[in-house]
Amino acid sequence: MRGLRLRFPSVSIYHDSADKIQKYLAHHRRTKADYIISGLPWANMPVNVQEHILSAVLASLAPDGMFTTFTYVHACWLPRARRFRERLERYFTQVKISRIVWRNVPPAFVYRCRVGGLTTGGRFTSLQ
Ligand SMILES: C[S@@+](CC[C@H](N)C(=O)[O-])C[C@H]1O[C@@H](n2cnc3c(N)ncnc32)[C@H](O)[C@@H]1O
């Protein structure tokens, strides 16, 4: 925390569970965020924790906002990872999936999700 604050003095940094988004938006007199970028380990989380945090994300995302997260390729077939992907498809109007980023260690891909705005016809689309 201290190191991050020293390195990024203009950034507000909080150490808390991700389901507290609303609390920290309120610190900034906001109720919605334009972007929510997550590095959470969704595939390792109990389903109820996934649901809880995703609910907070949905409650906090501006209508034209974007939620971005990633998953590791080797873990994407695990039951919780598949359930997470199903939840994204259920809750978001649009879910775009990046190409695999092979240079990441371990390789991963990115989900970019919107609740509103333009759609491309399918709920799941691949980013080119
Ligand atoms: C794969 S690491 C990602 C680290 C870093 N955020 C990044 O994106 O490079 C997953 C991190 O999520 C954190 N984490 C797990 N459950 C969390 C929760 N409910 N709220 C906030 N962070 C959590 C873990 O402590 C761990 O640091």
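Let me sum up the structure you'll find in this document.

Conventions adopted
- Residues numbered from 1 in each chain as written.
- Predicted model: local features only at pLDDT ≥ 70, side-chain atom pairs only at ≥ 80, totals over all residues.
- Near = placed C-beta within 6 Å.
- Nonpolar A, V, L, I, M, F, W, Y, C, P; charged D, E, K, R; others polar.
- Helix = DSSP H or I, 4+ residues; strand = E, 2+ residues; numbered from the N terminus.
- Buried ≥ 20, exposed ≤ 12 C-beta atoms within 10 Å, placed from the backbone.
- Contact = placed C-beta atoms within 7 Å.
- Pairing = 2+ DSSP bridges.
- Right-handed = clockwise from strand over helix to strand, strands pointing away.
- Core = buried A, V, L, I, M, F, W, Y, C linked by C-beta atoms within 7 Å.

The next thing to look at is the site of the ligand. Lining the immediate environment of the ligand, one finds S17, A18, G39, L40 and P41. For the shell around the ligand, the residue count by class is three nonpolar, two polar and no charged.

What follows covers unusual backbone geometry. A cis amide bond links V105 with the next residue in sequence, P106, at an omega value of -5 degrees. Along the chain, P106 falls in the loop between β3 (94-97) and β4 (108-114). Here the phi dihedral of R29 falls at roughly 55 degrees; this positive angle occurs in a residue that is not glycine. Looking at the secondary structure, you find R29 in the loop between α2 (21-27) and β1 (33-37). R29 gets classed as exposed once you count the C-beta atoms within 10 Å, which come to 6.

With that out of the way, let us pick up the environment of K32. Along the chain, K32 falls in the loop between α2 and β1. C-alpha of K32 to C-alpha of A62: the two residues are 30 residues apart in sequence and 5.0 Å apart in space. When near neighbours in sequence (up to four residues on either side) are disregarded, K32 contacts S60, L61, A62 and G65.

Moving on to the pairing of β1. Sheet topology note: the β1/strand β2 (residues 61-72) ladder contains four bridges and is parallel. Paired with A33 across the bridge in β2 is L61. Of the crossover connections in this fold, the one passing from β1 over helix α3 (residues 47-60) to the parallel β2 is right-handed.

One finds V57, F67, F84, L88 and C113 to be the most contacted residues of the largest nonpolar core, which totals 14 residues. Residue contributions to this core peak at three residues, all from helix α4 (residues 79-91). Among residues more than four places away in sequence, those in contact with V57 are I21, I36 and F67.

By themselves these figures say nothing about function.
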